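# Architecture at a glance
Below are the chains, spelled out letter by letter.
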Amino acid sequence: MSDEKRIRRLRDAGYKLTNARLAVLRVLEEAGEHMTSADVLSAVGDIAPDVGRASVFRTLDLLTQLSIIRPTYIESSATPHYVMMPDGHHHHIICTICKTVIEFDDCGLTDLTNRLEAQFAVQIRSHLLEFYGICQHCRDQGANGSDNPKT
Ligand SMILES: [Zn+2]
Ligand SMILES: [Zn+2]
Ligand SMILES: [Zn+2]
């Protein structure tokens, strides 16, 4: 999703483009992804020092509500990392041993999405998909991953 699209989504939902909203979107976009709220806070402080802490947190909540970003829990940390949802998709494969995160684009979930929409009468706008496993490197190291009964 381009910046323009995100900004349009904010506008379409009836939200003004405040400094805080633009700054938060910009730092998430430029940093790539996987930022904690503390990361976002400090990056916003660099580009828009007038934006207060409370507005950054409110903006993160708002962008989550609008499905522009999603909180995800990486490295079994209690702190959520916010990720952008390009075109409503975000996909991870996470190695449970070394915590490497692999990103992939094509999830092939259109059929499932359509079925869920029909079954539950909801309009699905985005999804975060995470697979957990053991990467090649960790398997080469002989790690079994005690949580994996198959190995
Ligand atoms: Zn997807
Ligand atoms: Zn690994
Ligand atoms: Zn990601």
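Residues numbered from 1 in each chain as written. Chains lettered and ligands numbered in written order. Predicted model: local features only at pLDDT ≥ 70, side-chain atom pairs only at ≥ 80, totals over all residues.

### Topic: the sheet that holds strand β6 (residues 127-133)
For clarity, the cut-off: The pairing criterion for strands is at least two bridges between them, as found by DSSP. By the criteria applied, helices consist of DSSP H or I runs no shorter than four residues and strands consist of E runs no shorter than two, each listed in order from the N terminus. Axes here mean lines fitted to C-alpha atoms, for a helix over just the part in contact, with angles spanning 0 to 180 degrees between N-to-C directions.
What the three strands build is an open sheet, ordered β5-β4-β6; its pairing is mixed. A single partner strand is all that each edge strand has here, and the edge strands are β5 (101-103) and β6. When strand polarity is set aside, the average angle formed by the axes of neighbouring strands in this sheet is 25°.

### Notes on the packing of helix α2 (residues 19-31) against helix α3 (residues 37-47)
Our working rule: Orientation is classified from the angle alone, with under 35 degrees giving roughly parallel, over 145 giving roughly antiparallel, 65 to 115 giving roughly perpendicular, and any other angle giving oblique. A pair of residues counts as a contact when their C-beta atoms, built from backbone coordinates, are separated by no more than 7 Å. Residue polarity follows a fixed list, in which Ala, Val, Leu, Ile, Met, Phe, Trp, Tyr, Cys and Pro are nonpolar, Asp, Glu, Lys and Arg are charged, and the others, Gly among them, are polar.
Relative orientation of the contacting elements α2 and α3 amounts to 110°, with a least axis distance of 9 Å. With respect to α3, the axis of α2 lies roughly perpendicular. For the pair formed by α2 and α3, the contact residues are Ala23, Val24, Arg26, Val27, Leu28 and Ala31 on the first element and Val40, Ala43, Val44 and Ile47 on the second. Among the residues forming the contact of α2 with α3, the class breakdown is nine nonpolar, no polar and one charged.

### A word on the nonpolar core
One broad trend across soluble globular proteins is that nonpolar side chains are buried collectively. The condition that has to hold: As used throughout, a nonpolar core is a set of buried Ala, Val, Leu, Ile, Met, Phe, Trp, Tyr and Cys residues joined through C-beta atoms within 7 Å of each other. Three exposure classes are used, all based on how many other C-beta atoms lie within 10 Å of a residue's own C-beta (placed from the backbone): buried at 20 or more, exposed at 12 or fewer, and partly exposed between those limits.
Core analysis: the largest hydrophobic core is formed by 18 residues, its most contacted members being Val24, Leu28, Val40, Val44, Val56, Ile69 and Tyr82. Looking at this core, the elements that each hand over two or more residues are α2, α3, α4 (53-65) and β3 (81-84). Of the residues forming this core, the biggest block, six residues, is contributed by α2. Not counting residues up to four positions away in its chain, the partners in contact with Val24 are Val40, Val44, Val56, Thr59, Leu60 and Leu63.

### Notes on the packing of α3 against α4
Cut-off, in case you're wondering: Should the near helix be turned anticlockwise from the far one by less than a right angle, the crossing is termed left-handed; should it be turned clockwise, right-handed.
Contact geometry for α3 and α4: axes closest at 10 Å, N-to-C directions at 125°. Relative to α4, α3 is oriented oblique. As for the relative orientation of α3 and α4, their crossing is right-handed in sense. Contacts between α3 and α4 pair Ser37, Val40, Leu41 and Val44 from the former with Arg53, Val56, Phe57 and Leu60 from the latter. Taken together, the residues of the contact of α3 with α4 sort by class into six nonpolar, one polar and one charged.

### Thoughts on the pairing of β3
Inspection of the sheet shows strand β1 (residues 35-36) paired to β3 by two bridges, in the antiparallel sense. Bridged to Met35 within β3 is Tyr82. Two strands pair when backbone bridges link them, and strand β2 (residues 69-72) and β3 are joined in this way by four bridges, in the antiparallel orientation. The residue of β3 that forms the bridge with Arg70 is Val83.

### A closer look at the sheet that holds β3
Across the sheet, three strands lie side by side as β1-β3-β2; this open sheet has antiparallel pairing. Every other strand in the sheet has two partners, leaving β1 and β2 as the edge strands with one partner each. Most of the contacts of α2 go to β3, to which it runs at about 85°, and overall it touches β1, β2 and β3.

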